[in-house]
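# Report on the structure
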Amino acid sequence: MSDIAKQREAIIRKYFDGCNEANVEKMMQCFTKDAVHYFPPGLPDIPWRSARTIAEKWVWCVENFGSSWTIENVLVGSDGLEAVIEWTHWKTKLGEALRGDEWYRFDADTGLITEIRAYYASRADKERPMNELEGFDYAGRGYALEPPVQR
């Protein structure tokens, strides 16, 4: 793996650590000030615009849903300007989880995240405790089957 790919993966992992810690400042350190986080339709107040908004919205999710996240896979483009990850969003207070992917764009000068585009593995179905691809062997592929330990 190239040095730039390692740096980009490290910034994504720092961002997820900040999410899991509900640490606004740590998350904000990973973004340009004008970063944007896009989501599929159906959520209120989207897209999230600005590093602070992104960070504060995730803290709200931790506080209200018991949210925590695991990164399942990371791929970084050869030029280091884009990356894609696979994740699981655990909502422990609701007894739910959602799997999906995110596409990242990075600022060429700073290496910070400028944009995230989230894609869900399936439409959110409140009747199912785990929203994921039907028939995919998550356990067999080594994916997290339980949320990470809360810090």
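Below is a summary of the structure that appears in this document. Predicted, not measured: the structure shown is a model, and the values here were computed from it.

## Quick word on the pattern of salt bridges
Evaluated as defined, the whole model comprises 8 salt bridges. Notably, a salt bridge pairs Asp-45 with Lys-57, separated by 3.6 Å at the nearest N-O pair. Taken together, the residues span a long stretch of sequence, with Asp-45 in the loop between β1 (31-38) and β2 (48-49) and Lys-57 in helix α3 (residues 51-65) at a distance of 12 residues. The residue Arg-117 makes a salt bridge to Glu-115 at a minimum N-O spacing of 2.6 Å. Residue Arg-117 is classed as partly exposed on the basis of its relative accessible area, which comes to 24%.

## A closer look at the environment of Ile-116
Among the structural elements, Ile-116 can be located in strand β6 (residues 113-120). Owing to a relative accessible area of 0%, Ile-116 belongs among the buried residues under this scheme. Taking C-alpha positions, Ile-116 is 8.1 Å from Ala-35, a pair spaced 81 residues apart along the chain. With residues near it in sequence (within four places) discarded, Ile-116 still touches Tyr-15, Phe-31, Val-36, His-37, Tyr-38, Glu-102, Trp-103 and Tyr-104.

About the thresholds
- Residues numbered from 1 in each chain as written.
- Predicted model: local features only at pLDDT ≥ 70, side-chain atom pairs only at ≥ 80, totals over all residues.
- Heavy atoms only, no water.
- Salt bridge = Lys/Arg side-chain N within 4 Å of Asp/Glu carboxyl O.
- Helix = DSSP H or I, 4+ residues; strand = E, 2+ residues; numbered from the N terminus.
- Buried < 20%, exposed > 50% of the residue type's maximum accessible area, 1.4 Å probe, protein only.
- Contact = heavy atoms within 4.5 Å.

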